[in-house]
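Each chain, written out:
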Amino acid sequence: MSRLPLPAFPSDLVVRAGRAARSCRRARGGSRPAAVALAVTAPAAAAVLAVAGCAGGPIGQNTPASSGQGFVSGSGMSVYETGSRSVAPVVSGTTLTGQHLSLASYRGAVVVLNFWGSWCGPCRAEAPDLQAAASHFSSRGVRFLGVDIRDDPTGAHAFQRTFQVTYPSLNDPGDEIALAFRGTVPPAGIPTTLVIDRQGRIAARIVGSASYNALKALITPVAAEHPVTTTGAAR
Amino acid sequence: MTGPLAGEGGRGTGLVPADGTGPADGTGPADGTGPADGTGPADGTGTPADAGPASGAVFADGARPILAAPGAGTARLGLTGWLRWGWRQLTSMRTALILLFLLAVASVPGSVLPQEGVDPSAVSQYYAAHPSLAPLLNRLSLFSVFAAPWFAAIYLLLFVSLAGCVLPRTFRLVGAARQQPPRAPRRLARLPMSAGFVTSLAPGEALASASRLLGARRFRLRAGDGWISAEKGYLREVGNLLFHIALLALLASVGLGGIFGYKANRLLVTGQSFANTPTALDVFRPGRLVSPSDLQPFSVALQSFSATYVSSGPQLDEPQTFNAALRYSAAPNAPTRSYDLRVNHPLTVDSVSVYLIGHGYAPEFKVTDGHGNVVFSGPVPFIPVEQAGLTSEGVVKVPDATPSQLGFAGVFLPTAADLNGRLVSEFPAARNPRVSLISYAGNLGLNTGESQSVYQLDLSGLHRLAVAPRPLAVGQSMTLPNGAGTITFTGYRQWVSLAITYDPGQLPALISGVLALAGLILSFMVRRRRVFVRAAAGPDGQTVVAVGGLARSDAAGGFEVEFAELAGELRTAQDGRPGAGGPVRGSPEPAEQQTTGSVSSDNDQSLSTPGGE
């Protein structure tokens, strides 16, 4: 009984044929990636796109476990202009250190939300870059917050120890936080990094490993949008 | 698909001599049941020029091309002619069948050879095993058959062929369903069924009386000078139409599922839960227009899983029952419900079906590294490698162990037993669970950012630790050499593998299928039948009424009885006496039928069932 194949025909054909097109789609309808912003943030972002390209997309198998990597990954970067940003849901949960934390408490700050797992290769590759970016932007009203998914707290703690992560992470064993982003800019693979502007709107998304340069290129303009001193929004 | 129905297209083109008014009165096709009824140039393509070789090939009904275009030959086929010829070849039944067969044949390599989209690692293995053959196969797209251009060509052609066949036919059937009854033939006595009587009513009154009676019986009426024609059984055309439209809807439904549906898999360990969102899925195959936001936001928790197996007899080790106790909610704030998920007993939530397709064991481990930190703790799904004893294999990766990363390749034996010095599992239930581990240290290759299977170790950066693999029982530990740490087998859980499918085309496809069947049955059951009445002033001041009847298909008998009843009622209503038309005549003798020309045989050809396609 371990592997009962499902009827996979014929809709499967269409699905597979459409995969290439899908993985190139960056944003859901309405919120178009801003070509202008990409042009401004120039070489770093371009490098990320060139490397990441549209080559990603899920690798899968019929029965979950026989082979394949066992999780959905991907790659791509999207930037949303101020007019086309969707509002991030107000998520809350318990951090890996056992404290209650709500995204609402970060209102007024730029929030970089990173969905990760200690077992995931691309997450481990981007961890030093994320930590470096967190340190670099900490004085500019930019807060980093992790969301640990499909993970065991022990492994997650060990991960944070290894990479000396200073920012907190919410534990999301039931995927409730990931699910809350449905209808906005949902995480499309592991890892996914979202940049949320000072008004709580999603300004950018990176699916796949985020490099320091890409993070810097994406966060800098968002952090500059409303200086903390003038809005007084940083509470 | 070029059955007798094709003949209906010729109706109303006016290419056949008209009915009773012409000189051919009483003989030949003109005396039949109306203009162009099945005897026309047949294939509805209009001009004679293209009808020669083309219709000869496509419409295998030998009679028609002769009628259509004497002298038309290949020499006269221009570009348009060839295009038309090609189109008709494509939309023919034969082509559709060949394409369907080709589709089946083309799918074979997809199940024989490893497929890129299904199992990329198996493809790499195939490359390693067949270094010269593999690139050749790859050029033919045989490792991604279902995405191959030639495969797409087959199913697109099949779709075009079916649509091209069904669509024009649908329009023709609309015409047939709206068609007026034909004019009454001059000599009703020559019809397969006829009757006659004499009445004292005036001809007009007699016809009016007949109209009322036939109208009350829901015949479609047409009146002329001294005659009325009535036809019934248009439901047959409606059934035909329904069949064709439902066939088109079926095609559309299948496309709908491919565009808006998705498939996903998730392996879930007992005690864990997940939500239907891409990051929580192991495999996600969206349709062309599916974005992550379109996924139905349900969540599922696996509370427990139980499996029972046959413990004696010839079917030893065979699974008997599986039951996965789920708690689920349709949306983040919706109430939580319980569900017992079993094989072929899927959970349906928000139009999404969740199937139980597999199960296995997830041994739990605790790993302490060389510095005394607990760096890993939790269940690790192992994959069954044989079904009889559910011997399972898996890997444990401990990337945060210090001073060096640790990896373990393990075998889980639910009921461990020694078979001639070899450790095997002799029963699928966990009666004597053991884990045997090979230990590695070094670089797992995880930190480079490559996506790596959670079920495989990349051994290139690892070295095997000098510790003999010893089967561990629950609670036992293994100490690694050189102070690398310890690993403890703390227990085990079970996991289920779930297939999540959303196919919005499923219900429309089912409805279309049922409607197609209903239409087919209707068109088989209902006969079109015609009744003609002529009334003329007789020599003695009386009115001679003639009644004729014709069943327009050979599908089913029974019209004789209906006609006899009708004729009797007509006569009663008009207070008639036996007269010129003679007694009611049911089935004509074969000899008489021949002498009256092609009335019945022509009509038998003209109408038939969609089953003939």
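Parameters and conventions
Residues numbered from 1 in each chain as written. Chains lettered and ligands numbered in written order. Predicted model: local features only at pLDDT ≥ 70, side-chain atom pairs only at ≥ 80, totals over all residues. Pairing = 2+ DSSP bridges. Helix = DSSP H or I, 4+ residues; strand = E, 2+ residues; numbered from the N terminus. Buried ≥ 20, exposed ≤ 12 C-beta atoms within 10 Å, placed from the backbone. Contact = placed C-beta atoms within 7 Å. Axes fitted to C-alpha atoms, helices over the stretch in contact; angles between N-to-C directions. Parallel < 35°, antiparallel > 145°, perpendicular 65-115°, else oblique. Left-handed = near helix turned anticlockwise from the far one by under 90°. pLDDT = per-residue confidence, 0-100.

Student: Tell me what's going on with the pairing of strand 8 (residues 319–329) of chain B, and back it up with residues and numbers.
Tutor: Residue and element names in this part refer to chain B. Here 10 bridges tie strand 7 (residues 299–309) to strand 8, and the two strands are oriented antiparallel to one another. Within strand 8, the residue paired with serine 304 across the bridge is alanine 325. Sheet topology places strand 8 next to strand 9 (residues 337–341); five bridges connect them, and they run antiparallel. The partner of alanine 325 across the bridge, within strand 9, is aspartate 340.

Student: So what's going on with the environment of Thr94(A)? Which residues, and what values?
Tutor: Residue and element names in this part refer to chain A. By the element assignment, threonine 94 lies in strand 2 (residues 92–94). Taking the C-beta count within 10 Å as the criterion, threonine 94 has 13 such neighbours and is therefore assigned partly exposed. Between the C-alpha atoms of threonine 94 and serine 169, which are 75 residues apart in sequence, the distance is 8.4 Å. Leave out the neighbours within four places in its chain, and threonine 94 touches Gln99, His100, Leu170 and Asn171.

Student: Help me get a handle on the packing of helix 8 (residues 203–216) of chain B against helix 11 (residues 559–573) of chain B, residues and values and all.
Tutor: Residues and elements named next belong to chain B. Taken N-terminus to C-terminus, the directions of helix 8 and helix 11 make an angle of 135 degrees; their axes are 10 Å apart at the nearest point. Considered as vectors, helix 8 and helix 11 are oriented oblique to each other. As for how helix 8 packs across helix 11, the hand of that crossing is right-handed. Residues Ser209, Ala210 and Leu213 of helix 8 touch helix 11, and the partners they reach there are Glu569, Leu570 and Ala573.

Student: If you had to explain the confidence of the model for chain B to someone new, which residues and values would you point to?
Tutor: All names here are of chain B. Averaged over all residues, the pLDDT of chain B equals 79, while 80% of them reach at least 70. Every residue in residues 1–73 is under pLDDT 50, and counting partners more than four places away or in other chains gives 160 contacts. Contacts from residues 587–613, a stretch scored under 50 in pLDDT, to residues over four places away or in other chains number 61 contacts.

Student: Any chance you could break down the confidence of the model for chain A for me, citing the residues and the numbers?
Tutor: Residues and elements named next belong to chain A. For chain A, per-residue confidence averages 72 on the pLDDT scale, and 65% of positions sit at 70 or higher. Within the model, pLDDT remains below 50 along residues 1–67, and this stretch shows 150 contacts once partners closer than five positions in the same chain are excluded. Counting contacts from residues 228–235, a segment whose pLDDT is below 50, to residues more than four positions away or on other chains yields 13 contacts.

Student: Report on the sheet that holds strand 2 (residues 220–224) of chain B, specifying residues and quantitative values.
Tutor: Residue and element names in this part refer to chain B. Reading across the sheet, the six strands line up as 2-3-22-23-1-24 and stay open at both edges, with antiparallel pairing between neighbours. With one partner strand each, in any of the chains shown, strand 2 and strand 24 (577–578) form the two edges of the open sheet. Where strand 1 (residues 193–199) and strand 24 come together, two bridges link them in antiparallel fashion. Looking at strand 24, one finds that valine 198 is bridged to arginine 577. Against the sheet, helix 11 makes contact with strand 1, strand 22 (529–537) and strand 23 (543–551), and its axis sits at roughly 160 degrees relative to strand 23, the strand it touches most.

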